[in-house]
Amino acid sequence: MAEHIFEHSYSVTKPSSEDHAWSYQKACEYCLAAIENQYGADWRITDLRFEDLGRKTHTNPRRWKCTHRVRAYYKTEHRGSTDSIENPYIETTLTANVDLD
């Protein structure tokens, strides 16, 4: 199972500033959500770890803006059993009883 890499940036504008740990946590949460959305419900994300790529902040008297970047390393595995995926037999018979009175 190969390891995948995904980079994500989280941006926020607020009236007050937040610390580095807060923006890193938000960036990781949104990064994981983007990865899960990309793969869908049939795939599980495993062996997930994040690398902090830093953040850029801009402050003026009324607004604080932050963009935090993270890189995720992860593996994926299918949630279903492989037997059900590789089974070539599919039931295609339909029986209908119709009364034509």
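Source: prediction; values computed, not measured.

Peer 1: I would appreciate a short explanation of the side chain of Ser23 in the present structure.
Peer 2: Assignment of secondary structure puts Ser23 in helix H1 (residues 20-39). The class of Ser23 is buried, set by a relative accessible area of 0%. Within the structure, Ser23 has its side chain in polar contact with the side chain of His68 (distance 2.7 Å).

Peer 1: Explain the pairing of strand S3 (residues 64-78) to me, please; I cannot follow it from the model alone.
Peer 2: Regular strands place their side chains on alternate faces of the sheet. Bridge count for strand S1 (residues 4-14) against S3 is 11 bridges, and the pairing is antiparallel. Bridge pairing links Ser9 to Arg69 in S3. Of the pairings in the sheet, the one linking strand S2 (residues 43-59) to S3 comprises 13 bridges and is antiparallel in character. Counted as the bridge partner of Thr46 is Lys75 from S3. Adjacent in sequence and paired antiparallel, S2 and S3 are bridged by four residues.

Peer 1: Mind showing me how you'd approach the pattern of salt bridges here?
Peer 2: Where side chains of opposite charge bring their charged atoms close, a pairing between them can arise. For the coordinates displayed, the defined rule picks out seven salt bridges. Ionic pairing is found between Arg71 and Glu7, a salt bridge with its closest N-O pair at 2.7 Å. Taken as a pair, Arg71 in strand S3 and Glu7 in strand S1 lie far apart in primary sequence, 64 residues in all. Classification of Glu7 as partly exposed rests on a relative accessible area of 40%.

Peer 1: So what exactly am I meant to see when it comes to the packing of aromatic side chains here?
Peer 2: The geometry of an aromatic ring pair comes down to the distance between the two centres and the angle between the two planes. Taken as a whole, this structure holds three aromatic pairs when the rule is applied. With centroids separated by 6.4 Å and ring planes inclined at 65°, the aromatic side chains of Tyr10 and Trp22 adopt a geometry described as edge-to-face. One end of the pair, Tyr10, is in strand S1; the other, Trp22, is in helix H1, with 12 residues separating them in the sequence. Residue classification places Tyr10 among the buried residues on the basis of a relative accessible area of 11%.

Peer 1: So what exactly am I meant to see when it comes to H1 here?
Peer 2: Helical geometry: 3.6 residues make up each α-helical turn, so side chains three or four residues apart lie on a common side. Given a rise of 1.5 Å per residue, 20 residues ought to cover 28 Å, and the 29 Å separating the end C-alpha atoms of H1 matches this to within 8%. For H1, the complete set of buried residues consists of Ser23, Ala27, Cys28, Cys31 and Ile35. What you see down the axis of H1 is that its buried residues fit within an arc of 140°, all on one side. Turning to H1, the residues buried within the fold contact S1, S2 and S3. Positive phi appears at Gly40, one or two residues downstream of H1, with a value of about 90°.

The rules we used
Residues numbered from 1 in each chain as written. Predicted model: local features only at pLDDT ≥ 70, side-chain atom pairs only at ≥ 80, totals over all residues. Heavy atoms only, no water. Helix = DSSP H or I, 4+ residues; strand = E, 2+ residues; numbered from the N terminus. Buried < 20%, exposed > 50% of the residue type's maximum accessible area, 1.4 Å probe, protein only. Polar contact = N/O pair within 3.5 Å; in protein donor to acceptor, adjacent residues only side chain to side chain. Pairing = 2+ DSSP bridges. Salt bridge = Lys/Arg side-chain N within 4 Å of Asp/Glu carboxyl O. Phe/Tyr/Trp six-rings, centres within 6.5 Å; stacked < 30°, edge-to-face > 60°. Expected span 1.5 Å × (residues − 1). Arc of directions from axis to C-beta. Contact = heavy atoms within 4.5 Å.

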